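Fold and geometry: a report
The chain contents come next:
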Amino acid sequence: MTRILGIDPGLRITGFGVVDKGGRLLHYVGSGCIRTPAGDLPSRLKSILEHLGEIIAEYNPVCVAIEKVFVNVNPASTLLLGQARGAAICAAVLRNLPVAEYTALQVKQAVVGNGHARKEQVQEMVTRLLNLQGVPQADAADALACAICHAHGGMGLGPLATRGFRVKKGRLV
């Protein structure tokens, strides 16, 4: 079994999802959301770093898959999201875990089959693929989708899976 931690970074809500991959099968382990307290940026980043550290210690993953930041209409929001993502990456690398990065398009393509799928579609497919009893919260579902994407495409391909490719019309080129 290979245990994968997926992370959907956010400054207010950071989703996490843990799956085990055994052969071609995926098994749900756990998921949830880290909600940062209102306050200044450094205390929010510290909260993300500490909570993810606790999650890594609890679930003991062997690798981490995280969603890349997309450029938003508001540059200030994009910068803040990037800082939350940096805190999440730091939590992984402080524990010597390899980190794979995927765009939202790659994650949606891997899980739904459509790079422009809606959040509800991602939630539904995650529920089906992992045979969950209920639909996970949107941020947790996105994190689980990131882990599923890594399990389907990132395993066994090494650096080919995360470097040197770009997505064009839903395909890696």
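See the structure shown above.
Quick summary incoming for the structure in this document. (Residues numbered from 1 in each chain as written. Predicted model: local features only at pLDDT ≥ 70, side-chain atom pairs only at ≥ 80, totals over all residues. Heavy atoms only, no water.)

Observations concerning the overall build of the chain
Quick reminder of the rule: The helix and strand labels rest on DSSP assignments: H or I over at least four residues marks a helix, E over at least two residues marks a strand, and numbering proceeds from the N terminus. We call a residue buried when its accessible area falls under 20% of the maximum for its residue type, exposed when it is over 50%, and partly exposed in between, using a 1.4 Å probe and counting protein chains only. The contact rule is simple, with two residues in contact once any of their heavy atoms fall within 4.5 Å. Per-residue accessibility takes into account occlusion by the displayed protein chains alone, with areas from the Shrake-Rupley method and a 1.4 Å probe.
Counting its secondary structure elements, the chain contains five helices and seven strands. Mapped from its N terminus to its C terminus, the chain presents α and β elements in the order β-β-β-α-β-α-β-α-α-α-β-β. A buried classification covers 43% of the 173 residues belonging to the chain. Excluding contacts between residues fewer than 6 apart, the proportion of contacts in the chain whose partners are at least 24 apart in sequence is 58%. Carbon and sulfur atoms make up 54% of the accessible area of the chain, which totals about 9,200 Å².

Examining the pattern of salt bridges
Let me state the cut-off plainly: Within this document, salt bridges are pairs made up of a side-chain nitrogen of Lys or Arg and a carboxyl oxygen of Asp or Glu, the two lying within 4 Å of each other.
Under the criterion given, the structure shown has six salt bridges. With a closest N to O distance of 3.7 Å, lysine 46 and glutamate 50 form a salt bridge. With lysine 46 and glutamate 50 both in helix α1 (residues 41-59) and four residues apart, the pair spans about one turn of that helix. For aspartate 142, the salt bridge identified is with lysine 119, shortest N-O distance 2.4 Å. Of this pair, aspartate 142 sits in helix α5 (residues 138-154) while lysine 119 sits in helix α4 (residues 119-129), and the two are 23 residues apart along the sequence. Exposure remark for aspartate 142: the relative accessible area of 10% places this residue in the buried category. For lysine 119, a relative accessible area of 43% translates into the label partly exposed.

Focus on the pairing of strand β4 (residues 63-67)
The condition that has to hold: The criterion for strand pairing is that DSSP finds at least two bridges linking the strands in question.
Counting buried positions along β4 yields five of five residues, so the element is predominantly enclosed. Residues Cys63, Ala65 and Glu67 point to one face of β4 and Val64 and Ile66 to the other, with burial holding for every one of them. Bridge count between strand β1 (residues 2-8) and β4: four bridges; the pairing is parallel. The residue bridging isoleucine 4 from the neighbouring strand is cysteine 63, located in β4. Note: β4 against strand β5 (residues 99-102), four bridges, orientation parallel. For alanine 65, the partnering residue across the bridge sits in β5 and is alanine 100.

As for the packing of aromatic side chains
Applied cut-off: Classification of ring pairs uses Phe, Tyr and Trp, with its six-membered ring standing for Trp, and accepts pairs whose centres are within 6.5 Å; under 30 degrees between planes counts as stacked, over 60 as edge-to-face, and the remaining range as tilted.
A complete count under the given rule lists one aromatic pair for this structure. Taking the centre distance of 6.5 Å and the plane angle of 45° together, the rings of phenylalanine 16 and tyrosine 59 count as tilted. With phenylalanine 16 in strand β2 (residues 13-22) and tyrosine 59 in helix α1, this pair connects stretches of sequence that are 43 residues apart. With respect to class, phenylalanine 16 is no different from tyrosine 59; both count as buried.

What to know about helix α2 (residues 75-93)
Every α-helical turn comprises 3.6 residues, leaving residues that sit three or four positions apart pointing alike. Short version of the rule: Multiply 1.5 Å by the residue count of a helix minus one, and that product is the helix's expected span.
Look at α2: 27 Å from first C-alpha to last across 19 residues, which is about the 27 Å you get at 1.5 Å a residue. Those residues of α2 lying buried are Thr78, Leu81, Ala84, Arg85, Ala87, Ala88, Ala91 and Ala92. In this structure, the buried residues of α2 make contact with β1, α1, β4 and β5.

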